[in-house]
Amino acid sequence: MSSNPPDQGGSDVDDGDGRFYVLLNEEGQHSLWPSLAEVPAGWRIIFGEESRRLCLEHVEAHWTELQPPRPRTAPAAERFSAAAT
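The sections below set out a description of the structure shown in this document. Quantities reported herein were computed from a predicted structural model and do not represent experimental measurements.

Rules used in this analysis
Residues numbered from 1 in each chain as written. Predicted model: local features only at pLDDT ≥ 70, side-chain atom pairs only at ≥ 80, totals over all residues. Heavy atoms only, no water. Pairing = 2+ DSSP bridges. Helix = DSSP H or I, 4+ residues; strand = E, 2+ residues; numbered from the N terminus. Axes fitted to C-alpha atoms, helices over the stretch in contact; angles between N-to-C directions. Salt bridge = Lys/Arg side-chain N within 4 Å of Asp/Glu carboxyl O. Buried < 20%, exposed > 50% of the residue type's maximum accessible area, 1.4 Å probe, protein only. Polar contact = N/O pair within 3.5 Å; in protein donor to acceptor, adjacent residues only side chain to side chain.

1. Description of the sheet that holds strand β2 (residues 30-34)
Across the sheet, 3 strands lie side by side as β2-β1-β3; this open sheet has antiparallel pairing. For this open sheet the edge positions go to β2 and β3 (43-51), each flanked by a neighbour on one side alone. Mean inter-strand twist for the sheet, computed between neighbouring axes without regard to direction, equals 30°. Across 5 bridges, the pairing between strand β1 (residues 19-25) and β2 is antiparallel. Directly across from leucine 24, in β2, lies its bridge partner histidine 30.

2. Some thoughts on the pattern of salt bridges
Inspection of the entire model under this criterion finds 2 salt bridges. In this structure, glutamate 49 engages arginine 19 in a salt bridge whose closest nitrogen and oxygen atoms are separated by 3.9 Å. With glutamate 49 in strand β3 and arginine 19 in strand β1, this pair connects stretches of sequence that are 30 residues apart. Judged by relative accessible area, arginine 19 falls into the partly exposed class, the value being 39%. Between arginine 53 and glutamate 57 there is a salt bridge, with the nearest N and O atoms lying 2.8 Å from each other. Of the two residues, arginine 53 and glutamate 57 are both situated in helix α1 (residues 52-62); the distance of 4 residues between them amounts to about one turn of the helix.

3. Some thoughts on the environment of histidine 30
Its place among the elements puts histidine 30 in strand β2. In this structure, the C-alpha to C-alpha distance between histidine 30 and histidine 62, residues 32 residues apart in sequence, is 9.0 Å. Side-chain polar atoms of histidine 30 contact the backbone oxygen of glycine 28, separated by 3.3 Å.

4. Brief notes about the pairing of β2
β2 sits mainly inside the fold: 5 of its 5 residues count as buried. Side chains His30, Leu32 and Pro34 of β2 all project onto a buried face; the interleaved residues Ser31 and Trp33 project onto the opposite face, where all are buried too. Where β1 folds back onto β2 in an antiparallel hairpin, the turn is made up of 4 residues, including glycine 28, whose phi is positive at roughly 85°.

What follows is the structure in C-alpha cells.
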C-alpha cells in the first residue's frame, strides 16, 4: 500500500486516532490518506472517511493484486496489419 501519494510526505497516516480515506489511482494502487489533506491529482476516494483501522481493513480486503496491470498490447495480427498500411 502506498501511504504517501506524490508530494505529500509527512506522517499523518500514522495517527491512530485520525480519520482517513482510502484512495485509488488509475494503476489500481491504493493509499491510506488523511481526511484533512487535499486528495492529490490522479487519485480518487473509494472508501471513508473512517478510522485508520477500518481503512486498512478495506485495503487488505480489496487490494489483492499489488502489481500494477501490464499494458495491453495489440494482438499480432493487428500489429502486422497496422504496419502494412
